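Read off the chains here:
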Amino acid sequence: MIKIASSKQDLEKIFQLRYEVLRKPWGQTLESAKDELDGISLNAFIEENNMCIACGRLDFIDKETGQIRYMAVHPDYRNNQLGKKIFLFLEERAREKGLKKIFLHARENALSFYLSNGCQLVGHSYVLFNAIQHYLMEKEI
C-alpha cells in the first residue's frame, strides 16, 4: 500500500532509502538526500517491516506543472513493479491537483523505466556528481 508521508518519522525512513540508493554509492552524505521542498511536496512511499522500500516525490512547480523527484526502490525489492506503482500514484495525484504536465530528470539507467511509463525524452539535462548523466523527460497528463 502506498502512503503519503505525514510525519517526521515517515520522512526519515524516506531519507534513509534515498541516501542508500541515490547518494551513498557516490560518496555523498545523508543530508544530500534531503532538501527544502520536502516539507511542502508530496512524498509517497511503500514500507515493509517499518522500513521504506520504495519512494518518490511530487513537487508542485506551478498551477499546471509538477516535477517527479527522488524515485528509489530498495535493491532487495526491485523487479516487483514498486517503482511503477509509486510513479503512477504520483501521476494520479498530479492529475487530481489539476496539473497538465509532469517532468523529471532521469538517470541514464532509468530511461527505459520512464519511457515505459509514457514519458517522452526531451534531451540531455545535467551530470550529477560528475558521473551520472541525467535526461529531461516530460509527460502530458
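Residues numbered from 1 in each chain as written. Predicted model: local features only at pLDDT ≥ 70, side-chain atom pairs only at ≥ 80, totals over all residues. Heavy atoms only, no water.

### Side note on the overall build of the chain
Okay, step 1: Helix and strand content of the chain: three helices and seven strands.
Okay, step 2: Order of helices (α) and strands (β) in the chain, N terminus to C terminus: β-α-β-β-β-α-β-α-β-β.
Okay, step 3: In summary, the chain has a C-alpha radius of gyration of 14 Å against a globular reference of 14 Å for 141 residues, a match within 12%.
Okay, step 4: Dimensions of the chain along its principal axes, counting C-alpha atoms only, are 35 × 35 × 30 Å.
Okay, step 5: Out of the 141 residues in the chain, the part that is buried amounts to 46%.
Okay, step 6: Long-range contacts, defined as pairs at least 24 residues apart, comprise 56% of the intrachain contacts of the chain with a sequence gap of at least 6.
Okay, step 7: Separation between the mean location of the 20 positive side-chain charges and that of the 19 negative ones in the chain comes to 1 Å. (Helix = DSSP H or I, 4+ residues; strand = E, 2+ residues; numbered from the N terminus. Rg over C-alpha atoms; globule rule 2.2 N^0.38 Å. Buried < 20%, exposed > 50% of the residue type's maximum accessible area, 1.4 Å probe, protein only. Contact = heavy atoms within 4.5 Å. Lys, Arg positive; Asp, Glu negative; His and termini not counted. Charge placed at Lys NZ, Arg CZ, Asp CG, Glu CD.)

### Quick look at the sheet that holds strand 2 (residues 42–48)
Okay, step 1: Spatial ordering of the open sheet is given by 1-2-3-4-5-7-6, a layout of seven strands whose pairing is mixed. Whereas interior strands pair on both sides, the edge strands pair on one side only; in this sheet they are strand 1 (3–4) and strand 6 (120–128).
Okay, step 2: Pairing analysis gives three bridges linking strand 4 (residues 65–73) to strand 5 (residues 101–107), with the strands arranged parallel. Each bridged residue has a counterpart across the sheet, and for Gly 66 the counterpart in strand 5 is Ile 102.
Okay, step 3: Across the sheet, helix 2 (residues 82–96) is in contact with strand 1, strand 2, strand 3 (51–60), strand 4, strand 5 and strand 7 (132–140); its angle to strand 3 comes to roughly 30°. (Pairing = 2+ DSSP bridges. Axes fitted to C-alpha atoms, helices over the stretch in contact; angles between N-to-C directions.)

### Brief notes about helix 1 (residues 8–23)
Okay, step 1: Every buried residue belonging to helix 1 is among Asp 10, Leu 11, Lys 13, Ile 14, Phe 15, Leu 17, Arg 18, Tyr 19, Val 21, Leu 22 and Arg 23, and all of these are buried.
Okay, step 2: At its buried positions, helix 1 is contacted by strand 1, strand 2, strand 3, strand 4, strand 5 and strand 6.

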